[in-house]
Structure formats: C-alpha cells, structure tokens
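A closer look at the structure
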Protein chains: 2
Amino acid sequence: VTEIGLQQAASFIQDHDAFTILVHVRPDGDAVGAALSCAHILQYYGKPFRLIHEAPIPGKYQFLPLCDRFEVIEQNMPIADTVIALDCGDDRQLGKGIESISDKTHVLNIDHHRTNPGFGTHNFVDATAAATCQLMYRLAKQLQIPFNKDLATCIYTGLLFDTGGFRYSNTTEEVHKIAAEMIQYGVEPYDISDRILETVTWSQVQLIKCCLDTLKRDATGKLAWIAATHDMMERTQARDEECEGLVNYARNLEGVEVGVFFREVVGGKIKVSLRSKYYIDVSRIAAAFQGGGHARAAGCTIEGTLNDVMTRVLQLVQRQLSAKD
Amino acid sequence: VTEIGLQQAASFIQDHDAFTILVHVRPDGDAVGAALSCAHILQYYGKPFRLIHEAPIPGKYQFLPLCDRFEVIEQNMPIADTVIALDCGDDRQLGKGIESISDKTHVLNIDHHRTNPGFGTHNFVDATAAATCQLMYRLAKQLQIPFNKDLATCIYTGLLFDTGGFRYSNTTEEVHKIAAEMIQYGVEPYDISDRILETVTWSQVQLIKCCLDTLKRDATGKLAWIAATHDMMERTQARDEECEGLVNYARNLEGVEVGVFFREVVGGKIKVSLRSKYYIDVSRIAAAFQGGGHARAAGCTIEGTLNDVMTRVLQLVQRQLSAKD
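Let me sum up the structure you'll find in this document. (Residues numbered from 1 in each chain as written. Chains lettered and ligands numbered in written order. Predicted model: local features only at pLDDT ≥ 70, side-chain atom pairs only at ≥ 80, totals over all residues. Heavy atoms only, no water.)

Here's the deal with the environment of Gly299(A)
Counted only if it meets this: By definition, any uninterrupted DSSP run of H or I lasting at least four residues is a helix, any uninterrupted run of E lasting at least two residues is a strand, and each is numbered from the N terminus.
For Gly299(A), the location among the structural elements is in strand S12 (residues 297-303). Each C-alpha atom of the pair Gly299(A) and Thr157(A) lies 26 Å from the other, and the pair is 142 residues apart in sequence.

Considerations on the nonpolar core
Note the cut-off: Throughout, nonpolar core names a set of buried Ala, Val, Leu, Ile, Met, Phe, Trp, Tyr and Cys residues whose side chains join them through atoms within 4.5 Å. Relative accessibility under 20% of the residue-type maximum defines a buried residue, over 50% an exposed one, and the middle range a partly exposed one, all with a 1.4 Å probe and only protein chains included. Working rule for contacts: check all heavy atoms of both residues, and any pair within 4.5 Å makes them a contact.
Membership of the largest hydrophobic core comes to 116 residues, with the highest contact counts inside it found for Leu86(A) and Leu86(B). When near neighbours in sequence (up to four residues on either side) are disregarded, Leu86(B) contacts Ile21(B), Leu22(B), Val23(B), His24(B), Ala34(B), Ala35(B), Cys38(B), Ile110(B), Thr132(B) and Met136(B). Listed in part, the 44 residues of the second largest apolar core include Ala238(A), Leu207(B), Leu253(B) and Phe261(B).

So, the interface of chain A and chain B
We apply this condition: When two parts are brought into contact, each loses some accessible area as probed by a 1.4 Å sphere; the total of that loss over both is the buried area. By definition here, a salt bridge exists when the distance from a side-chain nitrogen of Lys or Arg to a carboxyl oxygen of Asp or Glu is within 4 Å. Any pair of N or O atoms that falls within 3.5 Å is considered a polar contact. Within protein, one atom must be able to donate a hydrogen and the other to accept it, and sequence-neighbouring residues count only if both atoms are side-chain atoms.
Listed by partner, the interface residues are 44 residues for chain A and 44 residues for chain B. Of the roughly 4200 Å² buried between chain A and chain B on both sides combined, carbon and sulfur atoms contribute 56%. For the chain A face of the interface with chain B, the top three residues by lost area are Arg167(A), Tyr190(A) and Trp202(A), together amounting to 20%. Here Asp194(A) makes a salt bridge to Arg251(B), at a shortest N to O gap of 2.8 Å. The interface formed by chain A and chain B includes 16 residue pairs in polar contact (both at pLDDT 80 or more). Within the residue set of the side of chain A that touches chain B, elements represented by two or more residues are helix H5 (173-184), helix H6 (189-198), helix H7 (202-212), strand S7 (216-217) and helix H9 (247-251) of chain A.

Focus: the sheet that holds strand S1 (residues 19-23) of chain B
Residues and elements named next belong to chain B. To keep things clear, this is the line we draw: The rule for pairing is simple: two strands pair if DSSP sees at least two bridges between them. Orientation is described by lines fitted to C-alpha atoms, with helices fitted over the stretch in contact, and by angles between N-to-C directions that extend from 0 to 180 degrees.
Strand order in the open sheet formed by 6 strands is S3-S2-S1-S4-S5-S6, with parallel pairing between adjacent strands. Edge positions in the sheet fall to strand S3 (70-72) and strand S6 (122-125), since each has one partner strand and no second. Each adjacent strand pair in this sheet contributes to an overall mean axis angle of 25 degrees, direction not counted. Here strand S4 (residues 82-86) runs beside strand S5 (residues 106-111); their pairing, made up of 5 bridges, is parallel.

A closer look at the pattern of salt bridges
Residues and elements named next belong to chain A. One pass over the full model with this rule turns up 32 salt bridges over all chains. Between Arg92 and Asp90 there is a salt bridge; the shortest N-O distance is 2.9 Å. Exposure remark for Arg92: the relative accessible area of 68% places this residue in the exposed category. Connected via shared salt-bridge partners are Asp126, Arg138 and Glu174.

Written out as structure tokens, the structure is:
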C-alpha cells in the first residue's frame, strides 16, 4: 500500500488530465459533498471530469452545486484512465463503479475510514479526519483554489453530515474552524442543515410511529430496544435507508446505556444495530454474532426469528450491563 | 435606556463586590450556561456571588460545573445590591427573581433578545449575538479571564442550545470560531450534545407516539399538523416542556412549508405553534389570533375546542399558501 501525503495528492490532480469521480454505493452527504468538491476543483483547473454512479443520487443532495453532472450508468461502466474514489472504505464500496477500473487505471483513493485497505494506486487516507470533505478542504487549500460559496457548500455538507450536525465525538476544533471559514464564503448553515438533517419523508414518520409501539426497556432502565418487522416496512412503504436513526429512539432515552434496533430483512435474517452511551463496548456484543463496528456503534446480522434473535442479543447485553454493576 | 458596551460591562463586574445572578423562568441551556459562565468569571476574581432561582434547574443541566451552587428560593427573594440578569428578554422573565431588585439595586442586564427593553441600570444587549453565552465569551475575553474546561463547557452549552446544535440561521462564523476555541480548552462536544440535545424522557417518547397518530397533511402536501390533547398529556404524564419540538414532526416533512402544533391547555384554550420553511410569514398568522413571533416560528393561544381552533387556523394558513401559488 502506497500512502501519500497532501502534497502528492495535490500533484496527482495537477499531473493528470481527465478524471472519473466515483463515490460509495448508497452515497451520503460526505460522499456527495466530497465528489462535488472534487468536481469544483477540477472545474477550476479546466480539467474534464465525469461523475458516474450506478444509481441516481438521493433527491436531498440535488441542491448541491454540480450535482446535475452525475450520470447514472447501470450497466457497462466505461473504463477510465484516471479515477478519484471518494469516501470509499474499500473497493467493494464502489459497487459497479469498480468496473471502470482496469489494471492500467490510476486511482487516487481519498478517504477517512480507519479500515481502508489502500485499494488505489495512490492512497490519501487519514482516519483522524471527521469527513472526507475535511480532506477535500485541505486539498483545495494545498492547491490554492479560490473558495466560493459553491465549493464551500459542498465541503460544509460533508462535515455536517459525518459529524451528525457537529454532535459526534469526531467534532474537533478543526471541524468548527473549517465550518466558520465556509460560512465566511457564503454558506447558509440553516438551509443546508434543514435539507440534510431535518427533512423526513411521510413514510419515515409512519415507520417511526409503528416502531415506537415496539419500544421497550428492561427493569433497570439501562437497556432499551425497538424493532421493525417486514409488515411495518410494507405497510409504511419505507425504504431500508429510512430506518436510519430509529435506534436512537431507544439509545437516547434518559438513563439508557445501550439501545438496540432489530429489523427483519430478507432470507429469514435479523439486522441488529447497537448503540451505547458511556461504558459498554457494543462492538464486542456484535462480534459475538460475527458483526463489527465501534465501541459506541456496532451491528450484526443474525439468522433466526425476530423473537429468537431479540432474546439472544438482549440477554448478552444484559450480561454485559450486570458485569459493570 | 442606557446601553453599554463591552468595556463598560467589564467595568461593572470589576467595580462591584458581591453579586446575585438571575436567569429567566424555565431556564434553558443558554440561560444556565450564561449564569454559570458568569459564576466562573466572578469566582476567578474571588468575588462572592449567589445563583438564585424560583425553581430547581432542570436535571439535564446539573452536569454543568457550579450548577450545584444554584439555590432554590420559592418565597421571599433576598433583596440584592448588585444583580446580573442573564438571557432575560424583559423583567417579567425574571419571575420571582424580580423581587430581589429594589430601586437601589444595580442591575447589569446581559441579553441577546431583540425585544429587550433595557430593564437594567446597565444594559449590555446585542441582538446580533446567537446566544447570551456569546456575550459571556466576549466579556470573559475583555476581562482576560484564563479559559479552562469548566468555563468553556458553560459557553459551548449556550451556543449549542440557542443555535439548535449549529443548525439555525443564527449559526454565524463567530459561533463556529468560538466553538472551535472552546474545544481547544477541553470541551467534549459529544458529551454535551448528548446531554443537551439528544436525551429524551420515557414520557416524551410516549407523547411523540400518541401525537404521531394525529399527524396529518393537506392535499397539497404543503401544510401538516399534529396535536396533543389533555388526555394524551395525562396518559403519558408528559410535562408541558416535553411538547417542545413536536411541531417539527409536521414542519420537517418533505414538501411541507408550514407545520402546526395544537395543544389543549387549561381554561378551554388551545396553544398553537407555527413553523415555516421558506416563504410563509407565520408571525402574520399568529398575529391574526393576538399571538406573535418571527417569520419562521410563531405562536398564539386561542379560546375554543381543539376541532374548532384547528379549523380556523388551518383555513388561514391554507389561504396564505394559496395566495403564494
């Protein structure tokens, strides 16, 4: 794995001529923000680029400048000479985008995931960054790109999204400093927050309502859980990604240390999301079921019925909680 | 009204010897943060102070350093020589605290509400500040107080609270710059956000569940509303302040321009909260019912049954919406 620094990442952009920009499947605010930051940088240099993806970019990101340049290519991805892959933890995250990479393709992999294996020919990876957009900020500074509202809006969006609106533990001094500078270039924090973090769909609210009926906590009040069944997903017409955040209705309860969300998925399996607040390492619980993640946010997928899986997982969490008593 | 600047506010603190710190009734994160920032400043100078309030400070703020110094005095507030009133839009907001002010009391009124009439003998009011804690930051800088984690935590809390977690339109460059600096002094953004913004009570979640049953939108999808009845409040044992934020389940819906929350209150009245996103001035709708507020957030209280009031308010909103079509 060749790790490169900021200066070499900047040289990669200066030394190549035509680019294909790729992001991970089911792109989020940081992926789209980083891709469009990259597009703005290349546009400044007058270098041709293509933004290609296997599916349309979610509607909530369409307001971002240059988002209309994304092309949906479901089949036969064109092979590219030079690729910039953004916010992809590994190359499987590229989805069909991986087909555009041949043995001869120069690939600049810009990412902030700790687990990134360095799948590019050039790897600019910094796991201490809160967002890939934070790396795009540094890159634009290194290249002395003049910032404007468009570029600043893309960078702010990535920072906002990946810090959960400046709430997660990755919210550092540098994050707030960059945010301050982006506002100086004309970013409207209210508008972006509203579009990226506040907006919910009708089906999402209906799903919240159904799931809240299942919300329970144990006798100690330290463990709470919530579930979504096949039936709820069908009745509300909610898409998978609309389940995001439901685990927080359990986790955020006053007094709760561990919140769990269970969801019936295809193939007789249950997807489990685990969140903790202060002292339980939920990645150890997930690992017991061949899952993974971090100490405060982890997940796994377990074969079995909803009731069966709930019993097994909750018992293990309770054992961890009593061990800490 | 005597408006004073930063330097004179600093002199007020230097020139007086013993202080009573007051905040508004039903204190929020900015009020408590500002009061405790003030306490830290006075503590640095070794000047005696009392933090007094007519009711206990809400539990979620108890983690703030020096919060244990708050004294609850329900009756016979002691008359003070020198008062610092924080985050009080007017003197009625002081509640019983006003009893500690006599004709001879020196009152430094530090606030950021546009409508502040300047009720102090000294008024350090800046409506361009996002939070009173932003003024406390400037004051501490002016006084050259050495910042530490405790003081920084109080200031960060106020900024976080009054900007809705760096989301509202008052989230300026200066706000993010101060936040960055506070993190430098050891503030843990994750911990504070979790305590101040994320935590919900069991009764609050039960109330959300009940209210979501009432969530409706009109045929255009631009107007949505939600309601809480006496019965729901009783069944869930939710307190009045736990209704905060319910209006957002209507307002945040994709496609919605105006969200309305109706709540049955004592005396056969309905409390109405109105929120808009982009172009409807809801303060005009509230004003039609003798209420008030801002263009994007307003409210009123109307006599009548829930159904009757809902019909009247929703008709007026719909008229405003059709006029803009």
